[in-house]
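Single-letter residue listing:
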Amino acid sequence: MIYLYALAEPLSEAPSERGVDGAPLRVLTTEKLSAVVSDYTSSSVHVEENMLWGHERVVEAIMTDRPVLPMRFGSVAPDDAAVRHMLARRQKEFSATLRRLTGMVEIGVGAVWQPETTTADQPVEPGMGPGSAYLLRRSGSYRRARSLLERVDRVLAELSKTRVDRLLKSPTLPVSAAYLVPHRNVHTFTDRVAELDAEIEDAQVFCTGPWPPYSFTRAQAS
Amino acid sequence: MSERAVLTGTTPAAMPRTGPERDITLLELVDRLLEGGVSIHGDMTLAVADIDLLRIGLRVVVASVDSLSDRAEDVSIVGGTKP
């Protein structure tokens, strides 16, 4: 089996890192694209922290000096020919996405807060059942999460090209967003996140990265 | 709020693997690697095993992220870990 890490414009040699199971990396190249791969003996991929970081390390090594299109964890192919076939078949899509990602990194922006405490002992309206009270609280949490995201985005939008976001992934995580940020803006961007964190009273705002652009690999994502 | 976690400064794979910052970064890593990236369904096999074990592990991670907000509630809703 062939394990795939990332795609890029043609590479002359593979990074010196080792693959997820210790095998050396190889490069498979077609006319316009390269895939960074390693040989993989097992037929399944076990999701362990070390394996995840192993995948990530390889992609980060490639992105130090060129645009990179990261593969989803666990992407495998039966042989080299299947990889080359895939590169040829989807070349236009991959090349267009690589161009769009040139000079960009992904930065994760999130917020953590203390969920609203239960109001079971003080009904919002007389006669309201527990189910309705729950739904009301939940929609209240969504409103608060949405408004938190809007406040953060007012500051960060001008420093980034686009974003994807998710509200209330869990009761304590109101905002989980990913921003596509030009290299030159990264320092300012993280400074702004620190300022937002200092200003916002009811949540901790943090950022992670710079990541390879995992959240922006779809051709249509704009 | 104070005692925040602003994590940028080095790339994620080079970050120290300790403390709440490590938990948040791991959560972000899992989201990205299992939900993001180029998907090759259709022409190739995705053979990711142990997703359920990962979910259990993530619940531990999320619980420790929760403690960041001073509330150690057991959270079982972890989006985005489906295979």
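What counts and how
Here the residue numbering is sequential within each chain, running from 1 through the sequence in written order. Chains carry letters and ligands carry numbers; both start at the beginning, A for chains and 1 for ligands, and go up in the order they are written. Per-residue local features are limited, in this predicted model, to residues with pLDDT of at least 70; the limit for side-chain atom pairs, both in listing and counting, is 80 or more; totals at the level of whole chains, interfaces and linings are taken over all residues. Note: side-chain values were computed over all heavy atoms of the structure, leaving out hydrogens and water. Runs of H or I in DSSP of at least four residues are treated as helices and runs of E of at least two as strands, each being numbered from the N terminus. Each residue is placed in one exposure class: buried if its accessible area under a 1.4 Å probe, protein chains only, is under 20% of its type's maximum, exposed if it is over 50%, and partly exposed if it falls in between. Whether two residues touch is decided by their heavy atoms; if any such pair falls within 4.5 Å, the residues are in contact. The method behind every accessible area is Shrake-Rupley, applied with a 1.4 Å probe, and residues are considered shielded solely by the protein chains displayed. By the counting rule applied here, Lys and Arg register as positive and Asp and Glu as negative, while His and the ends of each chain are not counted. Charge positions are represented by NZ for Lys, CZ for Arg, CG for Asp and CD for Glu. Any two strands with at least two DSSP-identified bridges between them are counted as paired. Axis geometry follows a simple rule: fit a line to the C-alpha atoms, using only the stretch in contact for helices, then measure angles between N-to-C directions, giving values from 0 to 180 degrees.

A. Seen up close, the overall build of chain B. Looking only at helices and strands, one finds 2 helices and 1 strand in chain B. Its helices and strands taken in sequence order, chain B reads α-β-α from the N to the C terminus. Within chain B, the fraction of its 83 residues that count as buried is 48%. Long-range contacts, defined as pairs at least 24 residues apart, comprise 51% of the intrachain contacts of chain B with a sequence gap of at least 6. For chain B, the computed accessible surface area is about 4000 Å², with 54% contributed by carbon and sulfur atoms.

B. Just the overall build of chain A, in detail. A count of helices and strands for chain A gives 5 helices and 10 strands. Once local pairs closer than 6 in sequence are excluded, the contacts in chain A between residues at least 24 apart make up 72%. Looking at chain A as shown, the accessible area adds up to about 10100 Å², and 49% of this sits on carbon and sulfur atoms. Measuring between centres, the 26 positive side-chain charges of chain A sit 7 Å from its 28 negative side-chain charges.

C. Broad picture of the environment of Leu34 of chain B. Residue and element names in this part refer to chain B. Relative to the helices and strands, Leu34 resides in helix α1 (residues 19-35). Leu34 sits in the buried class, given a relative accessible area of 8%. Expressed as a C-alpha distance, the spacing of Leu34 and Ala13, which sit 21 residues apart in the sequence, is 16 Å.

D. Examining the sheet that holds strand β8 (residues 162-170) of chain A more closely. Residue and element names in this part refer to chain A. Pairing within the open sheet is antiparallel, and its 4 strands lie in the order β8-β9-β7-β10. Looking along the sheet, the strands with just one partner apiece sit at the ends: β8 and β10 (204-211). If you compare each strand with its neighbour and ignore which way they point, the axes differ by 20° on average. Relative to β10, strand β7 (residues 104-112) is paired through 6 bridges, and the arrangement is antiparallel. Pairing of Glu106 across the sheet is with Trp211, part of β10. Strands in contact with helix α4 (residues 130-156) are β7, β8 and β9 (173-182); relative to β8, the strand with the most contacts, it is inclined by about 155°.

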